[in-house]
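Examining the three-dimensional arrangement
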Amino acid sequence: MDEILEILEKDARTTPEEIARMTGRSPAEVKAAIRELEKKGVILKYTAIINKDLADSAVQALIEVKVTPQRGIGYDAVAERIIKFPEVLTAYLLSGTYDILVIVEGRNLQEVATFVSEKLATLDQVTGTVTHFMLKKYKEQGVIFHRKKRNKRLLVSP
Amino acid sequence: MRDPVSSRAKAVPPSGIRRFFEMVIGMPDVISLGVGEPDFVTPWHIREACIYSLEQGYTMYTSNFGLLELREEISRFYGKRHGLQYDPEGEILVTTGVSEAYDLAIRAVVNPGDEVIVHEPSYVSYKPCVTFAGGVPVAVATSADDGFKLTPEALEKAITDRTKALVLNYPNNPTGATMSEKELEEIADVVVEHDLIVISDEVYWMLTYEGVHRPFSSLNGMKERTILLDGFSKAYAMTGFRIGFSLASPEITEAMMKLHQYTMLCAPITGQMSAIEALRHGKKEVDAMVREYKRRRNVIVKRLNDLGLPCATPGGAFYAFPDITSTSLTSEEFSTGLLKEEKVAVVPGTAFGESGEGFVRCSYATAMEDLKTALDRIERFISS
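Residues numbered from 1 in each chain as written. Chains lettered and ligands numbered in written order. Predicted model: local features only at pLDDT ≥ 70, side-chain atom pairs only at ≥ 80, totals over all residues. Heavy atoms only, no water.

**Brief notes about the overall build of chain A**
Helix and strand content of chain A: six helices and six strands. Along the chain direction, N to C, the helices and strands of chain A fall in the order α-α-α-α-β-α-β-β-α-β-β-β. Whereas a compact globule of 158 residues would reach a radius of gyration of roughly 15 Å, chain A reaches 21 Å, over 25% beyond that. Dimensions of chain A, computed from C-alpha atoms along their principal axes, come out at roughly 65 × 40 × 25 Å. Looking at chain A as a whole, 28% of its 158 residues are labelled buried. A separation of at least 24 residues holds for 59% of the contacts in chain A among residues at least 6 apart in sequence. Of the accessible surface of chain A, which amounts to about 10900 Å², a share of 53% is contributed by carbon and sulfur atoms. Of the charged side chains in chain A, 25 are positive and 22 negative, and the gap between their average positions amounts to 6 Å. (Helix = DSSP H or I, 4+ residues; strand = E, 2+ residues; numbered from the N terminus. Rg over C-alpha atoms; globule rule 2.2 N^0.38 Å. Buried < 20%, exposed > 50% of the residue type's maximum accessible area, 1.4 Å probe, protein only. Contact = heavy atoms within 4.5 Å. Areas by Shrake-Rupley, 256 points an atom, 1.4 Å probe, with all protein chains shown as cover. Lys, Arg positive; Asp, Glu negative; His and termini not counted. Charge placed at Lys NZ, Arg CZ, Asp CG, Glu CD.)

**Here we look at the layout of surface pockets**
All names here are of chain B. The calculated volume of the second largest pocket comes to roughly 660 Å³. What lines the second largest pocket is a set of 34 residues, and nearest its centre among them are Pro 14, Ser 15, Gly 16, Val 124 and Ala 351. Those elements that provide at least two residues to the lining of the second largest pocket are helix 2 (16-24) and helix 6 (126-132). The leading source of residues in the lining of the second largest pocket is helix 2, at seven residues. Looking at the lining of the second largest pocket residue by residue, the class counts come to 20 nonpolar, eight polar and six charged. Shared between two domains, the lining of the second largest pocket takes at least three residues from each, and those domains are domain 1 (7-42 + 284-383) and domain 2 (58-282). (1 Å grid on protein atoms, 1.4 Å probe; cavity = no way out; pocket = protein on both sides within 12 Å on 5 of 7 lines; lining within 4 Å. Points joined across faces, edges and corners; volume = space filled by probe spheres on them. Nonpolar A, V, L, I, M, F, W, Y, C, P; charged D, E, K, R; others polar. Domains from an automatic or database assignment.)

**A look at the domain arrangement of chain A**
Domain annotation of chain A identifies domain 1 (3-39) and domain 2 (58-136). Here domain 1 of chain A and domain 2 of chain A have C-alpha centroids that lie 36 Å from each other.

**Some points on the interface of chain B and chain A**
On the chain A side, the residues contacting the 31 residues of chain B number 17 residues. For the chain B and chain A pair, buried surface summed over both sides reaches about 2000 Å², with 53% attributable to carbon and sulfur atoms. At the junction of chain B with chain A, the criterion picks out five salt bridges. Counting every contact that joins chain B to chain A gives six residue pairs in polar contact (both at pLDDT 80 or more). Elements with a contribution of two residues or more to the side of chain B that touches chain A: helix 2, helix 11 (283-306) and helix 13 (368-383) of chain B. In terms of residue count, the dominant contributor to the side of chain B that touches chain A is helix 11 of chain B (seven residues). (Buried area = accessible area lost by both parts, 1.4 Å probe. Salt bridge = Lys/Arg side-chain N within 4 Å of Asp/Glu carboxyl O. Polar contact = N/O pair within 3.5 Å; in protein donor to acceptor, adjacent residues only side chain to side chain.)

So, in structure tokens, the structure goes:
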């Protein structure tokens, strides 16, 4: 992977000047490379990973969605409809016993349940849903939640 | 009561690092650039393999040489990475860290009164172990002008009829200096001319940022005269596992094994099992750590130079060794002042030999955020 991506994936706030210093390139070079990555859609967005358990009371659910594919367009048409709902954080087409995995967020259980029963399950091509409410997050995008800060090293050693 | 402590133990002063450590301990909010070990915790796959070995009941002694399985992995690894052939049965000895391997090497080759040449600034154990073995350590100063490389001229000058061995340590702790193949060959010529044994501590070799590391024993004619020391502490972030090893001729290995057998017996099996996993599957994580160290190196070196503390770009290890003479402070005064006023721990260069005066060792095995904060504090310290 490109070293710039490695650095930004670790900390998206790292400035082009800092990346330049780290990698021995010029800031202009780094800026140009980042612009190119953004243009190509390799970098889609700069965002924060938030521990919502601490920030507010949001509820997330994983929903297995079974779908009847449509002739000529497969799953894409129904997927396009699903992902336009702002409640949908994530959607993947999967192999296996169901077709689309949707991750939905709402303010409370009721809101998520309502979304599933009124919006998702009622789509014509959707033949069934199974909803799993998320109880606890351990790790997301490589970040471990609730990690204690560790500093077990001696302060001076050979 | 008569003096309970031997004159040999008394003859050696305590490590300068140790003295500094006692000053730091108990001080809150210190950012330490004084640490000679990675800030990364051992990669999980290695720790997981370690736990599994305990679950399987691997809690016994191993062969004095170390687990054959580990020696075979080391042999394969050196064959693959360096094209060097070492026989797992007779030329490889697994030790309790490189520290033990070094002590064994010295005791295996040094007769009372033999001189051993140590280039300085260098790691704190090199000279004392020679003294403990009844030998005479001879320090050769290297200088910033030479990039802290050992020059054949300086080496020649230090050699006498009593010189038995040369200790080499590149990539170097505390300077981060590395030596090119050509520069090492010049040293090798002197070694042959004076029939020396070379003890080459290459524990930092995987942390090489420029060029390719050449083990000293891979140079023409050097294999039979070299005791190559390597270990898992630095590259795999496994300091606490205490696993190192030596690669040497069967004759020397046998002698080292004898000393090891009667003192250490064997390296801990838990560490050895973990080391096997490190060699088999550790490359990806080591590569990622090396890339991160290199980025930190670039940041710290640039900043130190900008602050008016000249610092060559270290080719390896994880230390920057800036010249602090522009502050008109001694290494000791600089380090003590920086610690007291700004709570940043660095190690005075003098801990690594007299030629370290005017320098301090800054370890960049420190998270990037802390490194930046520490550099800000250093800036405040020197402008106050």
